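Summary of structural features
For reference, the chains in residue letters:
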Amino acid sequence: MKDMGMFYAEKTDNYLRFGDVVRGYILPNTTIKEPILSFKSESHNYTIDVELPYSVVLTPCCSIGESTISLTPLIKVRSNFFKNPYFAEDLTRINRKMEPQQAYSPVEWGKFSLEAQQRHLEEEINYALLNLFIYEENEIFKKYTLRGREITYYMINFRDIYTMKCAMIKRPEELKPEDAPIIESKVLQLSIQARSELRDKIVFYYSRIPEEDEILED
């Protein structure tokens, strides 16, 4: 049974917003063997793969403009999500806080000792898979098969954010008729609820305090 609530807005705004699904933006995927510290070396080893995926806008609504936005590609979800019955009923549950035991499949939970299970049960509800946010199925997405299921769920990874520069990216009040391609690039807009969930999770992801910093603060 899916959780209630609309994921996408029925009516979209004629400007870019945080969480929007967009198309037409190049994704340069760069892989290096090691940092390039000197241009004198002839043994630089790197590859740059160029893709044109559906992407998600991760610049806050009020900061979109000045010819720059932050994007991240939509990618296929992982097959092991379906090992967890709580996730399998509705993968967007990964976007929200949950009870500790809900974050594990029955097999994973069974591997914990009784003491470890009790420690988990005493924890507060929290996020699982901290760097991931699932996008609800939609007819515009290409279908693919996982564990015998044909699905159109996709997800974003907060670790894969990149910057895109384009002179047409402006504040809503600055957009002109010649900037129409920016509006045409927008294919889906999140509902207020879904956008709030994305904002809450990405804020949590970036606001975590490293253990070594907590020690120094104490």
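Data block above holds the structure.
Section: the overall build of the chain
Within the chain, the secondary structure is distributed over six helices and twelve strands. When the 218 residues of the chain are sorted by exposure, 37% land in the buried category. Sequence-distant contacts in the chain: of pairs separated by 6 or more residues, those separated by 24 or more amount to 70%. Total accessible area computed for the chain in this model is approximately 13800 Å², and 51% of it derives from carbon and sulfur atoms. In the chain, the 28 positive side-chain charges and the 35 negative ones have mean positions that sit 5 Å from each other.

Let's talk about the nonpolar core
With 35 residues, the main nonpolar core has V77, Y135, I156 and L198 as its most contacted residues. Listed by contribution, the elements that provide at least two residues to this core are α1 (85–89), β7 (132–135), β8 (144–146), β10 (154–157) and α5 (192–207). Once you skip the residues sitting within four places of it in the chain, V77 turns out to touch L91, I134, Y144, L146, I151, Y153, Y154 and M155. Counting twelve residues, the second largest nonpolar core, distinct from the first, contains L16, Y25, I64 and I182.

Conventions and cut-offs
Residues numbered from 1 in each chain as written. Predicted model: local features only at pLDDT ≥ 70, side-chain atom pairs only at ≥ 80, totals over all residues. Heavy atoms only, no water. Helix = DSSP H or I, 4+ residues; strand = E, 2+ residues; numbered from the N terminus. Buried < 20%, exposed > 50% of the residue type's maximum accessible area, 1.4 Å probe, protein only. Contact = heavy atoms within 4.5 Å. Areas by Shrake-Rupley, 256 points an atom, 1.4 Å probe, with all protein chains shown as cover. Lys, Arg positive; Asp, Glu negative; His and termini not counted. Charge placed at Lys NZ, Arg CZ, Asp CG, Glu CD. Core = buried A, V, L, I, M, F, W, Y, C linked by side-chain atoms within 4.5 Å.

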